[in-house]
Each structure stands twice: as structure tokens, then as C-alpha cells.
Amino acid sequence: MSQTDMTIFEKLESEVRSYVRSFPTVFTKAKGYKMWDQKGTEYLDFFSGAGALNYGHNDPMMKAKLVDYILSDGITHSLDMATAPKAEFLTKFNEVILKPRNLEYKVMFPGPTGTNTVESALKLARKVTGRTDIISFTNGFHGMTIGALSVTGNAFKRKGAGIPLQNVVTMPYDSFVNDNLDTLEYLERFLEDGGSGVDIPAAMILETVQGEGGINAASFEWLQRVEQICKRWGILLIVDDVQAGVGRTGTFFSFEKAGIKPDIVCMSKSIGGYGLPLAITLIRLDLDIWEPGEHNGTFRGNNHAFVTAAAALSYWEDPKFEKSIEEKSEKIFNFLEGIVAKYPELQGEARGRGFMVGISTEIEGLAASIAEEAFQRGLIMETSGPKDEVFKLFPPLVIDNEGLEQGFKIIEDSVKAVLG
Ligand code: PMP
């Protein structure tokens, strides 16, 4: 087969391209936690398509279902018409995910991406409450359209809008709070101070672990306090589980262990199971006040994604799956803590929860150099945080111990090489 010329991207693809720069090779094949480029070089995938491949690449069970479906001339595109794969996904989502967790939600299909679900959640919160303001948190990341970007606490990304973004108050997230600054207490004082005419916001939106913002994990207590404030003031709580959901933090929903019940939940990325585009917005039953057609979109019903999404939920029928995530997570975190302790020159800190972890370093540019070095040695990982100060370990949840050990070795070798 002829080789693809890398320079085509430079010539024809917009300057906005990014991953093609960080991982400068042409990828051709992938399986489980491995990817290969056109030269046959093997890479360990500790990136998982930015969290869209929690079940790895080309999962055999999902692939078989998808191939059968395609061969049977099953419907691919159907807007929001009724189809069997959509019914199967809804049924399984209710039976396998919602019911055992004592959760009841209506499921909305807002469009194919994470940004679409956030956009729908913000619109719905404003429509339900009749209020305008939204509270979001420092370093939160919620998407790139104007609404979702307005709640995204990232100056660089906001600059991309080219215009000021409004009606959002961004407050310090849990990990930036200390004894002298308690965001939630501050917020409550504001809300209580009716005399100064502060408007009650429509919603608060947050990630329980901030992915793009630098793997900042909120404590369960903090999340519970957020929920209490929301309840007290009739503010809707939107949890953006686009990245932290679908097992990434150890449980299907990232908020399960905190024991909170958000009013609206945003999901995408791995919900499609196979890397196919799918997003859902979970809506508290009494809040589903949309009128038919008020929020639509052409690609709300990719039936290939429904087929794989339904198949992916089978993983959650077996409690061993969750247990295995927990065991491997412990291993990963121990490794990270070991690296931080062994290489004090890193000035590092191990962060995160479950399979949503990384190491932050105080030294400018170091995390990016480590990720670049790791790529040269055959491992793909991303950096995150406002100064790209974190290298992020995001392997698929299905990775085996051998894959983890191989990855750990490459990461440690890269740290050593970069520190000199
Ligand atoms: N919310 C969160 C928490 C995300 O991490 C992302 C994507 N990184 C989005 C929303 C936006 O999703 P998408 O890129 O699919 O539009």
C-alpha cells in the first residue's frame, strides 16, 4: 500500500489542527490498547481518543455486532426516528445503568458530540428556571460552541471565540480552595444577600474531575455541598460527565461515590462504546419540558453508535468489570506516587481518580517534554492543565497488566531521559 505523505496536513489542514502536531505520524491500525502507524511502529495508547475509547480500539464483541448490523442493511442514519438499535440502547441503559443505581432520567439525544450535550443542558436549565446566569468553575472544560465555551474556564480556548462571552460567573474549583478561600461559603453569602439584588443563577455546571483543566478531582464532600446549595436555592446541578463518565473514574457515573443526584448529566465520548459519535443528556423527569423539535439536529441518531453503545453496556452487567477497574486504578496510582517520590526533581504531584490520573509538575514545559519523549519511545499520552503542566495517563479501562507494565516502563524511562 502506498504511504500517506504527512506534509498534506500542513498544506491543506487548518492551522487549528493540534493532535496531528503532537503525534506526527500517520496511524493505520489499532486494537485494544495498541495503535500502529503506516511504518508498522507500535504505540501503547495511554490517551484513548481523549476518553472516547474507554473500551479500547476495535473491541471484538462490539465489532461483531456492528458488522452483523451493517451486513443486514440496518439503518445507519435516522435523525430521531424510532429504530431497533435505539430502543435497545435505551432499554439497556435503563436496565443496566440507571435502575441498579436508583436513578431516573429521561434520555435526550442532543447531537453527536460532548459540546452538543452541554449546549442542550445550558439551554434547558435556562428554559426551566427562566433565569440567565450560570456558575462554572476555574479550569472547567465543557466544549467549543459559544454556549459551552462561555462556561469553559480556559483563557486560550475562550480567545478562539473572538468575542466576549457573557452571563457566566466562574468560581474557583475545589482544588484551588484553601482555608482562606471557601468558594461555596462565598457563593452562599452572595445568594443570601438579597439586598444587593444578586440574581439567582439557573445552573451550576461542573466536572467531578476536571480533565482538560489539569486532572483536578473535587472531594466528595465538596460535591455534596454543591448539591446542597443547588437544592436550597433551586439552582440546577449539571454534571458534565463527558470525559469523567463511562467508568473513567472507576464507576459508570463519576458522581456515584459522592452520593449526589445531578438534575442534568452530560455524556458523550465513550458512551458510543466504539469511538462512534454519540451524546446523551440525562434529564430529571420533571424537567423534561422541551416541546417536540425545540432542540433538534441532523445527526441525533447514528444507529451504528447505538449498536455499539448498547453492546458496550454488557460490560457493566458483570460486577467484575468495575472491580477490575478499581484494582488497576490502584496500581496506576501507586506507580504515579512512586515516580513522584523517586524523582523529586520533577516537583511532581500525582493526581486524579480511577483511570483519570496524571502527574503535575511545577517545571515549565516539562510535562510536554515527557509526553514527547514517551511518544518517541512508543507511548501516546496527552498533557492538560492551563499551562500544560500535567501529563495525563488515560489508558483504556480494558488494558491488561502487561500493557500497564509496558506503559509504566516507557513513562519512567521518559521521565529519566528528560530529567537528564
Ligand atoms: N465536556 C468535557 C468535560 C470534555 O472533556 C469535552 C471534550 N474534551 C467536552 C465537554 C466537549 O466534547 P466534544 O469535544 O465531543 O464536543
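What counts, and at which threshold
- Residues numbered from 1 in each chain as written.
- Predicted model: local features only at pLDDT ≥ 70, side-chain atom pairs only at ≥ 80, totals over all residues.
- Heavy atoms only, no water.
- Pairing = 2+ DSSP bridges.
- Helix = DSSP H or I, 4+ residues; strand = E, 2+ residues; numbered from the N terminus.
- Axes fitted to C-alpha atoms, helices over the stretch in contact; angles between N-to-C directions.
- Contact = heavy atoms within 4.5 Å.
- Parallel < 35°, antiparallel > 145°, perpendicular 65-115°, else oblique.
- Nonpolar A, V, L, I, M, F, W, Y, C, P; charged D, E, K, R; others polar.
- 1 Å grid on protein atoms, 1.4 Å probe; cavity = no way out; pocket = protein on both sides within 12 Å on 5 of 7 lines; lining within 4 Å.
- Points joined across faces, edges and corners; volume = space filled by probe spheres on them.
- Phe/Tyr/Trp six-rings, centres within 6.5 Å; stacked < 30°, edge-to-face > 60°.
- Buried < 20%, exposed > 50% of the residue type's maximum accessible area, 1.4 Å probe, protein only.
- Domains from an automatic or database assignment.
- Buried area = accessible area lost by both parts, 1.4 Å probe.
- Salt bridge = Lys/Arg side-chain N within 4 Å of Asp/Glu carboxyl O.
- Polar contact = N/O pair within 3.5 Å; in protein donor to acceptor, adjacent residues only side chain to side chain.

J.: Residue-level account of the sheet that holds strand E16 (residues 382-384), with values.
T.: Whether parallel or antiparallel, the strands of a sheet pair through hydrogen bonds between backbone atoms. Spatially, 4 strands are ordered E13-E14-E17-E16 in an open sheet, and the strand pairing comes out antiparallel. In this open sheet, the two strands that pair with only one neighbour each are strand E13 (348-353) and E16. With direction set aside, neighbouring strand axes in the sheet form an average angle of 30 degrees. For E13 and strand E14 (residues 356-361), the ladder comprises 6 bridges, and the chain directions are antiparallel. From the neighbouring strand, Glu-349 faces E14, where its bridge partner is Ser-360. Each of E13, E14 and strand E17 (390-393) touches helix H12 (residues 319-342); the most contacted strand, E13, lies at about 165 degrees to it.

J.: Can you break down the packing of helix H9 (residues 183-192) against helix H10 (residues 220-233) residue by residue, with the values?
T.: Running from N to C, H9 and H10 cross one another at 5 degrees; their axes reach a closest spacing of 11 Å. With respect to H10, the element H9 is oriented roughly parallel. Here Leu-184, Glu-185, Leu-187, Glu-188, Leu-191 and Glu-192 of H9 come into contact with H10, specifically with Trp-222, Arg-225, Val-226, Ile-229, Arg-232 and Trp-233. The class makeup of the residues in the contact of H9 with H10 is 7 nonpolar, no polar and 5 charged.

J.: Tell me what's going on with empty space enclosed by the protein, and back it up with residues and numbers.
T.: Applying the stated criterion across every chain, the model contains 1 cavity of 30 Å³ or more. Of the volumes computed, that of the largest cavity is approximately 50 Å³. Of the residues contributing to the lining of the largest cavity, the split by class is 2 nonpolar, 6 polar and 1 charged.

J.: Report on the packing of aromatic side chains, specifying residues and quantitative values.
T.: Applying the stated criterion across every chain yields a total of 24 aromatic pairs. For the pair Phe-89 and Phe-109, a centre-to-centre distance of 6.3 Å together with 55 degrees between the ring planes defines the contact as tilted. Here Phe-89, found in helix H5 (residues 84-98), pairs with Phe-109, found in the loop between strand E4 (105-108) and helix H6 (114-129); they are 20 residues apart in sequence, far enough to count as distant. Overall, Phe-89 belongs to the buried group, its relative accessible area being 0%. Their ring planes at 65 degrees and their centres at 6.1 Å tell us that Phe-93 and Phe-252 sit as a pair that is edge-to-face. One end of the pair, Phe-93, is in helix H5; the other, Phe-252, is in the loop between strand E10 (236-240) and strand E11 (264-267), with 159 residues separating them in the sequence. For Phe-93, a relative accessible area of 1% gives the class buried. By relative accessible area, which is 0% here, Phe-252 ends up buried. Through pairs of rings, three or more aromatic residues link up here, namely Tyr-55, Phe-89, Phe-93, Phe-109, Phe-252, Phe-253, Phe-255, Phe-306, Tyr-315, Trp-316 and Phe-321.

J.: Please set out the domain arrangement of the protein chain residue by residue, giving values where relevant.
T.: With domains assigned, the protein chain is organised as domain 1 (1-41), domain 2 (61-316) and domain 3 (319-419). Facing 25 residues of domain 2, the contacting portion of domain 3 comprises 22 residues. Both faces combined, the contact of domain 2 with domain 3 buries some 1900 Å², and carbon together with sulfur accounts for 57% of it. The three residues of domain 2 that bury the most area against domain 3 are Ile-215, Arg-248 and Tyr-315, which together make up 38% of that side's buried surface. At the boundary of domain 2 and domain 3, one finds 2 salt bridges. Its salt-bridge partner being Lys-392, residue Glu-212 comes within 3.5 Å of it at the nearest N-O pair. Of all the secondary-structure elements, those providing two or more residues to the side of domain 2 that touches domain 3 are strand E8 (209-210) and strand E9 (216-217).

J.: Account for the side chain of Ser-136, naming residues and giving values.
T.: With respect to the helices and strands, the residue Ser-136 is situated in strand E5 (residues 134-137). Ser-136 sits in the buried class, given a relative accessible area of 0%. Looking at Ser-136, its side chain comes within polar contact range of the side chain of Thr-170, at 3.4 Å.

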